[in-house]
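Chain by chain, the residues:
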Amino acid sequence: MSLSFRDLRYLLAYTLPLSAAAGLWWGGVATWLTVAYAFGLVPLLEWLRHPAPPIANAPAATEARRHAFFDGLLYLNVPLQYGLLAYFLHTLATRGFTAVEIAGAVSSVGICCGALGINVAHELGHRARGWEQRLAQALLLSTWYPHFFIEHNRGHHRHVATPADPVTARLHEPFWRFLPRAVFGEYRAAWALEAERLHRLGQHWWRPANQMLQFQAVQLGLAALVWAGWGPAGLLAWVAAAAVGYILFQLVNYVEHYGLLRRQTAAGSYERVQPHHSWNSEHALGRILLYELTRHSDHHYQASRPYHTLRHQPAAPQMPTGYPGMMLLATVPPLWFRVMNPRVPTPQA
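What you see is a predicted model; the values in this text were computed from it and never measured.

Conventions adopted
Residues numbered from 1 in each chain as written. Predicted model: local features only at pLDDT ≥ 70, side-chain atom pairs only at ≥ 80, totals over all residues. Heavy atoms only, no water. Axes fitted to C-alpha atoms, helices over the stretch in contact; angles between N-to-C directions. Helix = DSSP H or I, 4+ residues; strand = E, 2+ residues; numbered from the N terminus. Parallel < 35°, antiparallel > 145°, perpendicular 65-115°, else oblique. Left-handed = near helix turned anticlockwise from the far one by under 90°. Contact = heavy atoms within 4.5 Å. Nonpolar A, V, L, I, M, F, W, Y, C, P; charged D, E, K, R; others polar. Expected span 1.5 Å × (residues − 1). Buried < 20%, exposed > 50% of the residue type's maximum accessible area, 1.4 Å probe, protein only.

Draft legend 1. Fine view of the packing of helix α2 (residues 33-48) against helix α12 (residues 323-330). At their nearest, the axes of α2 and α12 sit 8 Å apart, and the two run at 115° to each other. Viewed along their axes, α2 and α12 adopt a mutual orientation that is roughly perpendicular. As α2 runs across α12, the sense of the crossing is left-handed. Of the residues in α12, those in contact with A38, F39, V42, P43 and E46 of α2 are Y323, P324, G325, M327 and L328. Per-class residue counts for the contact of α2 with α12 are eight nonpolar, one polar and one charged.

Listed below in structure tokens is the structure:
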């Protein structure tokens, strides 16, 4: 199926790493450019402009499941992410930035760790081809988040919208209480899931076949390379940027499922995941910058659908603005509760 001019809008996703690289090049207040763009300009535009009425069950772009353009956009994020990290570390080591400039650079690159590193890895990690999953793992290693590859596919999609899911935010739970529960819960769940997999194969968890052990070894190897190239200050800067990416992606997790629960049908059993178990947003900029992550209901309903084929689900609860604006709102729990608690649907009997 041929492309339409409208499909080229996904190229806007590259404005995040480009703005971060430009900020590093210019220095000064420009190191905060990506922060101002992602959490200033984008939320403002999405708040001022309401999305056009979506068409139910219409794909976001072409219906072709495999398309070189849409796949290539994802693949290019791998060299972009690693190139940006290398430029970030080189710049900090050679430019003599002030503390304010360093904070801006860490925050801007951290946004890319969340958007390019974790979010794109999330999409690629759902692909069936092994080499695409390797690309997902490479992106996650760039953000100190490789356990996500295990926990998300085998844990989150199984337990979402239930108390067993560490990244489903509970009603009345403030983000700052949710954050440590989600971060440590995901990590613990990944170890448990991998041990469970090996147990089914009749193997002990302390084996080279344990993916979590493999991930830790590769992560430490990358850390050693960064230490050798840029010293302890470079390693600390990379970890700090990855931490920003962690926080941002947990903000995404928080807004995606806040207060939503599946109906329990029997002891320990829940109804199938339905579109109304995820919060959605049809605001265009957030959809494009996050590769349609904001159509999260259809992703959970049909996890094998590539991002460009995700559909608007009319039954999904809609947030009042786009994901970037809702992420900002979530950092202020009293305001979040005031806006979102009245919108949380009552679980069906």
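Draft legend 2. Helix α8 (residues 175-200), seen in detail. The end-to-end C-alpha separation of α8 is 36 Å, in line with the 38 Å expected for 26 residues at 1.5 Å each. Those residues of α8 lying buried are F175, F178, L179, R181, A182, V183, G185, E186, A190, L193, E194 and L198. Residues of α8 that are buried in the fold lie against α7 (148-159), α9 (211-257), α12 and α13 (333-340). Note on α8: the residue one or two positions beyond its end, G202, has a positive phi of about 75°.

Draft legend 3. Representation of unusual backbone geometry. Phi at W144 is positive, roughly 60°, even though this residue is not glycine. In this fold, W144 is placed in the loop between α6 (130-141) and α7. You can call W144 partly exposed: its relative accessible area is 24%. The backbone of H172 shows a phi angle near 75°, a positive value even though the residue is not glycine. Turning to its location among the elements, H172 is positioned in the loop between α7 and α8.

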